[in-house]
Amino acid sequence: EPRAFGRWPAVNDTLPCFDPGSGWRTDKTPTNTGFLFTKAFKCGSSTGAGIHLRIARNLARRRSQMEQYYQVCRARFGHAKANKVFANRDKRRSFLWTLVRDPTSRLVSVFFHMKVSRRNVPPTLENFVSFLTEETGIDVPKYLNEDSDHEG
C-alpha cells in the first residue's frame, strides 16, 4: 500500500497523550508534545479542529482506562505555519497533522470568501483573473494558453 510516510511508531497502538494543563480550553502556547493540528486556510480547517479535539478527548478516555485520567489529551491547533509553531516538536512524543484541498477548488473558495463575500467584488471572470494575478502571482494568460503543457 503506497504511503507518503511510514506508519506511526505506536507503542501499544496509542497516539501521544499528555496532561493538557489546567487552562487547556484557551491555551494557545506553543508545545512540542501532544496531538497537534495546523489549520490551512480554506481547507475545512474549522471542521478539522473539531475532529482534532474529539480525537484528543476520545484518546484520553481510552487511555484513562489504563493510566492517569485526563479529560482531553494535550492538543493544539491554529492558523499558522507548522514550521513556525511546531518547529521544535518532539517527533516521538507528538502527532502533527493537517488537511489538504485541491488547489483549484481552494483558490475559487478564497476568491469568493475574501473578495465576493467580504468586499462585495462582483464574481466576474475578469475579477477572478485579476485576483489570481495580483494576489497569487499566477501568470494566468500563460497558464491558460492553449499551446502550454497544461492539461485540463
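Residues numbered from 1 in each chain as written. Predicted model: local features only at pLDDT ≥ 70, side-chain atom pairs only at ≥ 80, totals over all residues. Heavy atoms only, no water.

### A short note on the environment of Ile 55
Next, step 1: Among the structural elements, Ile 55 can be located in helix H1 (residues 45-64).
Next, step 2: Classification of Ile 55 by relative accessible area gives partly exposed; the value is 32%.
Next, step 3: Along the primary structure Ile 55 and Val 72 are separated by 17 residues, whereas in three dimensions their C-alpha atoms are 8.8 Å apart. (Helix = DSSP H or I, 4+ residues; strand = E, 2+ residues; numbered from the N terminus. Buried < 20%, exposed > 50% of the residue type's maximum accessible area, 1.4 Å probe, protein only.)

### Observations regarding the environment of Val 72
Next, step 1: Checked against the element boundaries, Val 72 lands in the loop between H1 and strand E2 (75-78).
Next, step 2: Put simply, Val 72 and Phe 18 are 54 residues apart on the chain and 8.6 Å apart in space, counted from C-alpha to C-alpha.
Next, step 3: Beyond its immediate chain neighbours, meaning those up to four positions away, Val 72 contacts Phe 18, Pro 20, Trp 24, Leu 53, Ala 56, Arg 57 and Ala 60. (Contact = heavy atoms within 4.5 Å.)

### Some points on the packing of aromatic side chains
Next, step 1: Under the defined criterion, the tally for this structure stands at six aromatic pairs.
Next, step 2: Pairing Phe 37 with Trp 97 gives two aromatic rings, centres 4.4 Å apart and planes at 35 degrees, and the pair type is tilted. Separated by 60 residues along the polypeptide, Phe 37 in strand E1 (residues 34-38) and Trp 97 in strand E3 (residues 94-97) bring together distant segments of the chain. For the pair shown, Phe 37 and Trp 97 are each scored as buried. (Phe/Tyr/Trp six-rings, centres within 6.5 Å; stacked < 30°, edge-to-face > 60°.)

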